[in-house]
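Here is how the chains run, residue by residue.
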Amino acid sequence: MFNAEAALVPLEGARQPDPRNERVLFRLAGVQFDMKHFELARETVMEAIRQVPSEWSYYYLLGLADKATKRLAEARRNLELAVRLNPKTVDAFNHLIELP
């Protein structure tokens with residue numbers, strides 16, 4: 001079973017030498033999301049997006065965090081962007097159709 005809290009320490013450590021490393025930021029945001037720290041996950045994944053704005057999975061995670069924090073318009077926009085960047089992403093599309 002995945003232990004999110006145990007994963008935070010090495011991810012935070014990996015972030016220290018290169019705080020703008022988008023892959024570390026994305027993984028850290030994923031752990032924050034799993035721990036239901038949705039606002040923190042949003043902030044972290046937005047930093048990853050600033051580094052690499054063309055990665056669909058970053059928008060997908062941002063859309064999920066937006067959905068969890070009831071930012072439904074933003075969730076729709078970010079999930080639509082994830083689908084545009086990767087039309088084969090079924091998960092993002094499925095979350096999109098759940099939005100009002």
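Here, every reference points to the structure presented above.
For every chain, the first residue of the written sequence is number 1, and numbering continues from 1 onward in sequence order. Residue-level local features of this predicted model are given only where pLDDT is at least 70; pairs of side-chain atoms are given and counted only at 80 or more, and the full residue set underlies all totals for whole chains, interfaces and linings. Calculated side-chain values reflect all of the structure's heavy atoms, with hydrogen atoms and water omitted.

Caption draft 1: Structural detail: helix α5 (residues 72-85). Only runs of H or I of at least four residues qualify as helices and only runs of E of at least two qualify as strands under DSSP, and these elements are numbered from the N terminus. By this rule, a helix spans an expected 1.5 Å times one less than how many residues it contains. Between its first and last C-alpha atoms α5 spans 20 Å; for 14 residues at 1.5 Å apiece the expected length is 20 Å, and the two agree. All of the buried residues along α5 are A75, N78, L79, A82 and V83. Down the axis, α5 shows its buried residues gathered within 140 degrees of arc, on one side only. Every exposed residue of α5 that faces more than 90 degrees away from the buried side is listed here: A73 and R84. Contacts are assigned to residue pairs that have any heavy atoms within 4.5 Å of one another. Looking at the buried positions of α5, the neighbouring elements they touch are α4 (56-68) and α6 (90-98). Accessible area is worked out with a 1.4 Å probe on protein chains only. A residue is then buried under 20% of its type maximum, exposed over 50%, and partly exposed in between. Summarising the geometry, the arc corresponds to the directions from the helix axis toward the C-beta atoms.

Caption draft 2: Main features of the packing of α4 against α5. Contact pair α4 / α5: the axes reach a minimum separation of 8 Å and the direction vectors enclose 160 degrees. With respect to α5, the axis of α4 lies roughly antiparallel. Considering how the two elements wind past one another, α4 and α5 form a crossing that is left-handed. Contact residues: W56, Y59, Y60, L62, G63, D66 and K67 in α4; L72, E74, A75, N78, L79, L81, A82 and L85 in α5. Here, axes are lines fitted to C-alpha atoms. For helices the fit covers the stretch in contact, and angles between N-to-C directions go from 0 to 180 degrees. Between 65 and 115 degrees an angle is taken as roughly perpendicular, under 35 as roughly parallel, over 145 as roughly antiparallel, and anywhere else as oblique. Two helices cross in a left-handed way if the nearer one is turned anticlockwise from the farther one by less than a right angle. They cross in a right-handed way if the turn is clockwise.

Caption draft 3: How the structure looks around helix α3 (residues 38-51). Between its first and last C-alpha atoms α3 spans 20 Å; for 14 residues at 1.5 Å apiece the expected length is 20 Å, and the two agree. Within α3 the residues assigned to the buried category are A41, R42, T44, V45, E47, A48 and I49. Those residues of α3 that are buried are in contact with α2 (22-34) and α4.

Caption draft 4: The nonpolar core, seen in detail. Note on terminology: a nonpolar core comprises buried Ala, Val, Leu, Ile, Met, Phe, Trp, Tyr and Cys residues joined through side-chain atoms within 4.5 Å. Ranked by internal contacts, the top residues of the largest apolar core, which has 22 residues, are F33, V45, Y58, Y60, L61, L79 and A92. For this core, the secondary-structure elements that each account for two or more residues are α2, α3, α4, α5 and α6. It is α4 that provides the largest number of residues to this core, a total of 7 residues. Apart from the residues lying within four places of it in its own chain, the contact partners of Y58 are E22, R23, F26, V45, A48, I49 and V52.

Caption draft 5: Spatial organisation of the pattern of salt bridges. Take a side-chain nitrogen of Lys or Arg and a carboxyl oxygen of Asp or Glu: if they are within 4 Å of each other, that pair is a salt bridge. According to the stated counting rule, one finds 5 salt bridges in the structure shown. Between E39 and R71 there is a salt bridge, and its shortest N-O distance comes to 3.0 Å. Of this pair, E39 sits in helix α3 while R71 sits in the loop between α4 and α5, and the two are 32 residues apart along the sequence. Accessibility expressed as a relative area gives 24% for R71, which makes it partly exposed. Of the charged contacts in the structure, one is a salt bridge between E98 and K67, with a shortest N-O distance of 2.4 Å. In this pair, E98 sits in helix α6 while K67 sits in helix α4, placing the two residues 31 residues apart along the sequence. You can call E98 exposed: its relative accessible area is 52%.

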